[in-house]
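The primary structure of each chain is shown beneath.
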Amino acid sequence: MRILVFANTPAHVHLYRHAVDRLEAAGHDVLVLTREYACTTDLLEFFGLPYRRYGTHETRAPSKPKLARELAEQFGRIVWESRRFDPDVVFGRGPYAALAGTVTRSPTVLILDDEPGDFNHTVSQPFADCIISPDVTRRDLGDDHYTFEGFKECAYLHPDVFEADRAIHEYLAIDPDEPYVLVRFNAMDALHDAGLEGFSRAQRRDLLEHLSEHATVFVSDESGMMDFSDLPARKYDLHPALIHDAMAGADLLVADTGTMVNEAGLLGTPALRFQGTDDHEYGEFAELERAGLAEQFDDYAAVRDRAVELVTTDAAAGERWQQRRAEYVGDLVNLTDLIVAVAEARGEVEVLESDVREVLQARAPVQ
């Protein structure tokens, strides 16, 4: 079989990387189509995945005319690369995968989460043969929409596929027992981030100053534009492929972006999300809050004070989070297993083995 996979962001690389390895090992021909965005191609290189670029996207939001030109060029390249590869099935999300599946007349499988806005879903839904999302997704995408018990991050953070590198303190050049906090700042450049605001510049400084009084602070800045010369924090500068090991070893993660909060929670690391002006209700965050693996705040002072509390007076926080992870995450679906099975079935759910079909449930709208 020939399997085409779209990886438009670093998170997409992690979503599919174990499945690509397994499909190739089974003798299938796999190609990842990607764009030069943040560390996406760095991750593809690190994990040795077969890929071709279809374009570039900057971490700063482009003007509307520039975005229109960018999309036109990328769509043209996608058409050419897709026809050249001639896949039996396409995996991805949004208009990119929909276009590839349409021009090659290949079954298209979309793996989605609970992102705000309707653009990606509206554009791609009519072209999808199979849509898969976590069962906490707060939307119904039609008769071909199936859900599973878990999160998209279960493709690479499920206990069956992830084991943390315990040498992470050494890589970070800190003592083995030295507490550290990982802070993630969003670039706010994605379509679903349009018009939203996270931590302000003043809030970023204030947060780092408070946390640095109690722990070493590493900052992962998605924009890459932060000046650390007068900040009481260190730039996270390990290879981006080690970010989950860094999260697993951290005493706390604080972020104004969603994916890394999900990831930290599933790793059993205390995880706090600052919503800023984002009032969208995410099913994933609500479920992690219910499981006691993440906390959300719409007030800056509240998230700052809770962060300080977790690294000062709440010494048992890490142990509680790890216990909750042990009780919760192991029972979730290993999404890599599911991706491999659906790929080998060319997106046809009805031909899956019975044990796999039991994992996928036809979508019932969340009330």
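Note that this is a predicted model, so its numbers are computed, not measured.

Cut-offs applied
Residues numbered from 1 in each chain as written. Predicted model: local features only at pLDDT ≥ 70, side-chain atom pairs only at ≥ 80, totals over all residues. Heavy atoms only, no water. Helix = DSSP H or I, 4+ residues; strand = E, 2+ residues; numbered from the N terminus. Buried < 20%, exposed > 50% of the residue type's maximum accessible area, 1.4 Å probe, protein only. Polar contact = N/O pair within 3.5 Å; in protein donor to acceptor, adjacent residues only side chain to side chain. Contact = heavy atoms within 4.5 Å. Core = buried A, V, L, I, M, F, W, Y, C linked by side-chain atoms within 4.5 Å. Pairing = 2+ DSSP bridges. Axes fitted to C-alpha atoms, helices over the stretch in contact; angles between N-to-C directions. 1 Å grid on protein atoms, 1.4 Å probe; cavity = no way out; pocket = protein on both sides within 12 Å on 5 of 7 lines; lining within 4 Å. Points joined across faces, edges and corners; volume = space filled by probe spheres on them. Nonpolar A, V, L, I, M, F, W, Y, C, P; charged D, E, K, R; others polar.

Q: What's the story with the side chain of histidine 28 in this structure? I'm lost.
A: By the element assignment, histidine 28 lies in the loop between α1 (10–25) and β2 (29–36). The buried category is assigned to histidine 28, whose relative accessible area is 17%. In this structure the side chain of histidine 28 is engaged in a polar contact, spanning 3.0 Å, whose partner is the side chain of glutamate 344. Excluding residues that lie within four positions of it along the chain, histidine 28 makes contacts with Met1, Ile3, Leu23 and Glu344.

Q: Just to check I follow, could you spell out the nonpolar core for this structure?
A: Considering soluble globular proteins, one finds that nonpolar side chains tend to be buried as a cluster. One finds Phe91 and Leu211 to be the most contacted residues of the largest nonpolar core, which totals 103 residues. Looking at this core, the element that brings in the most residues is helix α14 (residues 335–344), giving 7 residues. In contact with phenylalanine 91, not counting residues within four places along its chain, are Ile3, Leu4, Val5, Phe6, Tyr16, Ala97, Val109, Ile111, Ile339, Val342 and Ala343.

Q: Any chance you could explain the sheet that holds strand β9 (residues 216–221) here in plain terms?
A: Pairing between sheet strands relies on hydrogen bonds along the backbone, with the strands arranged either parallel or antiparallel. The strand order across the open sheet built from 6 strands is β10-β9-β8-β11-β12-β13, with neighbouring strands paired in parallel fashion. Since the sheet does not close on itself, it has two edges, and those belong to β10 (234–235) and β13 (295–297), each with one partner. In terms of strand pairing, strand β8 (residues 180–185) meets β9 through 6 bridges, oriented parallel. Its bridge partner lying in β9, arginine 184 is registered against serine 220. Running at roughly 165° to strand β12 (residues 271–274), helix α12 (residues 300–312) makes contact with β8, β11 (252–255), β12 and β13 of the sheet.

Q: I tried to follow the layout of surface pockets on my own but got confused; where do I start?
A: The computed volume of the second largest pocket comes to approximately 370 Å³. Every residue lining the second largest pocket is counted, 14 residues in all, and those nearest its centre are Arg201, Arg204, Met225, Met226 and Asp227. If one sorts the elements of the lining of the second largest pocket by residue count, helix α8 (residues 201–212) sits on top with 3 residues. Tallied by class, residues from the lining of the second largest pocket come to 5 nonpolar, 3 polar and 6 charged.

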